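What the coordinates show
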Amino acid sequence: MTGLKCVFLNLEQRIEILRQYENGKSARKLAEVSYCGRTQINKIIKEKDLILKEYEDFKFRGVKRMRHEKYVDINEAVLEWFKTARAKKIPVSGPMIQHKAKELADALGIENFSASNGWLDIFRTRNNITF
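This text gives an overview of the structure that appears in the document. (Residues numbered from 1 in each chain as written. Predicted model: local features only at pLDDT ≥ 70, side-chain atom pairs only at ≥ 80, totals over all residues. Heavy atoms only, no water.)

A tally of regular secondary structure across the chain gives seven helices and zero strands. Listing the helices and strands of the chain from first to last along the sequence gives α-α-α-α-α-α-α. For the chain, with 131 residues in total, the buried portion stands at 32%. A fraction of 59% describes how many contacts in the chain between residues 6 or more apart in sequence connect residues 24 or more apart. Surface summary for the chain: the accessible area is close to 9,200 Å², and the carbon and sulfur share equals 52%. (Helix = DSSP H or I, 4+ residues; strand = E, 2+ residues; numbered from the N terminus. Buried < 20%, exposed > 50% of the residue type's maximum accessible area, 1.4 Å probe, protein only. Contact = heavy atoms within 4.5 Å. Areas by Shrake-Rupley, 256 points an atom, 1.4 Å probe, with all protein chains shown as cover.)

A word on the environment of Ala 105. Relative to the helices and strands, Ala 105 is located in helix 6 (residues 94-108). Assessed through its relative accessible area of 0%, Ala 105 is described here as buried. Placed 30 residues apart in sequence, Ala 105 and Asn 75 show a C-alpha to C-alpha distance of 9.6 Å. Setting aside its immediate chain neighbours within four residues, Ala 105 contacts Ile 74, Ile 110 and Phe 113.

A few words now on the side chain of Ser 34. Secondary-structure assignment places Ser 34 in helix 2 (residues 27-34). Apart from residues lying up to four places away in sequence, Ser 34 is in contact with Val 7, Leu 9, Ile 17 and Ile 41.

As a further point, take the packing of helix 1 (residues 11-22) against helix 4 (residues 48-57). Look at helix 1 against helix 4: their axes get within 10 Å of each other, and the N-to-C directions meet at 130 degrees. With respect to helix 4, the element helix 1 is oriented oblique. As for how helix 1 packs across helix 4, the hand of that crossing is left-handed. Mapping the contact onto sequence places Leu 11, Glu 12, Arg 14, Ile 15, Leu 18 and Glu 22 in helix 1 and Lys 48, Ile 51, Leu 52, Glu 54 and Tyr 55 in helix 4. Looking at the contact of helix 1 with helix 4 residue by residue, the class counts come to six nonpolar, no polar and five charged. (Axes fitted to C-alpha atoms, helices over the stretch in contact; angles between N-to-C directions. Parallel < 35°, antiparallel > 145°, perpendicular 65-115°, else oblique. Left-handed = near helix turned anticlockwise from the far one by under 90°. Nonpolar A, V, L, I, M, F, W, Y, C, P; charged D, E, K, R; others polar.)

It is worth stressing that arrangement in space is one thing and function is another; only the former is reported here.
What follows is the structure, given as structure tokens:
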């Protein structure tokens, strides 16, 4: 790998590496073909179950790193509220979502949660919400 720039593999590329590994290709060959290190290939093989689960969820397609939510319970509660509001044909805006998220965080007793614009952008992207 000396002299070559290593690349990070997105989820589809990792799934393809797992398929090729199951078909008998060695980790060394997979590393050469995908221009990454054997360590990265071995980590993909080790985390096979997690990668397959994330792939089945369709949430992280096209991303390089799988990041997990910090405030899972707040995000789920806000998403349920959002779905309920939209089912009742209530127009929902970004500031409304942020306000509801802050209310739910207070109700759940989470003190350091901030319903910032960054949180809102990530929440909308993760749940495929467009205005």
